[in-house]
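Fold and contact review
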Amino acid sequence: VWRTITNINALTAGVELYFDGSVNNINKRDNENYGPVTVGLSFGHALSFGRFSFTQAMVWYAYRTYPYNDASFYQRYAIHYKVWKGLQLGASLKAHGHVASHMDIRAGFVFK
């Protein structure tokens, strides 16, 4: 959900769902049975400059089976570029406090 508050500022809220395939390797190595799916609830801020947008969000772990660390929250920083109507490309960084956890590249389609 994206709620515009000024020409370049917006508040965001949403659900983040991702699959971490590396958990399978951890299960084999440590003889565990962690699931690879994580769900988070987010609240954040977005800056939009033409075709570019920069978002920053605080995300609460709503569901996770693999204990990445003791943190209940993480931050997600992302930059997106609108290629054409609806299609976005970008990259994001996930961090727990001052420690970056991972980066990704992403593609998305916005329906309006």
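In what follows, the structure referred to is the one given above.
Residues numbered from 1 in each chain as written. Predicted model: local features only at pLDDT ≥ 70, side-chain atom pairs only at ≥ 80, totals over all residues. Heavy atoms only, no water.

A short note on the pairing of strand β4 (residues 52-64)
- Relative to β4, strand β3 (residues 37-49) runs antiparallel, the two sharing 12 bridges. Counted as the bridge partner of Leu-41 is Trp-60 from β4.
- Adjacent in sequence and paired antiparallel, β3 and β4 are bridged by two residues, among which Gly-50 carries a positive phi angle near 65°.
- With nine bridges joining them, β4 and strand β5 (residues 73-84) adopt antiparallel strand pairing. For Thr-55, the partnering residue across the bridge sits in β5 and is Ala-78. (Pairing = 2+ DSSP bridges. Helix = DSSP H or I, 4+ residues; strand = E, 2+ residues; numbered from the N terminus.)

With respect to the pairing of β5
- Pairing of β5 with strand β6 (residues 87-96) involves nine bridges; the strand directions are antiparallel. Bridging across to β6, Arg-76 finds its partner in Lys-94.
- Connecting β5 to the next strand, β6, in antiparallel fashion are two residues, including Gly-86 with a positive phi near 90°.

Regarding the side chain of His-96
- Note that His-96 resides in strand β6.
- Among the polar contacts made by the side chain of His-96, one reaches the side chain of Tyr-61 at a distance of 2.7 Å. (Polar contact = N/O pair within 3.5 Å; in protein donor to acceptor, adjacent residues only side chain to side chain.)

Some remarks on the sheet that holds β3
- The seven strands lie next to each other as β1-β2-β3-β4-β5-β6-β7, forming an open sheet whose pairing is antiparallel. Unpaired on one side and paired on the other, β1 (2-4) and β7 (99-109) mark the two borders of the sheet. Within this sheet the neighbouring strands show an average axis-to-axis angle of 20°, counted without direction. (Axes fitted to C-alpha atoms, helices over the stretch in contact; angles between N-to-C directions.)

Quick notes on the side chain of Gln-88
- Mapping Gln-88 onto the fold places it in strand β6.
- In contact with Gln-88, other than residues within four places in its own chain, are His-80, Tyr-81, Lys-82, Arg-106, Ala-107, Gly-108 and Val-110. (Contact = heavy atoms within 4.5 Å.)

Focus: unusual backbone geometry
- We note that Asn-31 has phi near 55°; this positive angle belongs to a residue other than glycine.
- As for its position among the elements, Asn-31 is in the loop between α1 (22-30) and β3.
- The exposed category is assigned to Asn-31, whose relative accessible area is 71%. (Buried < 20%, exposed > 50% of the residue type's maximum accessible area, 1.4 Å probe, protein only.)

Function-wise, these values are silent; they only describe arrangement.
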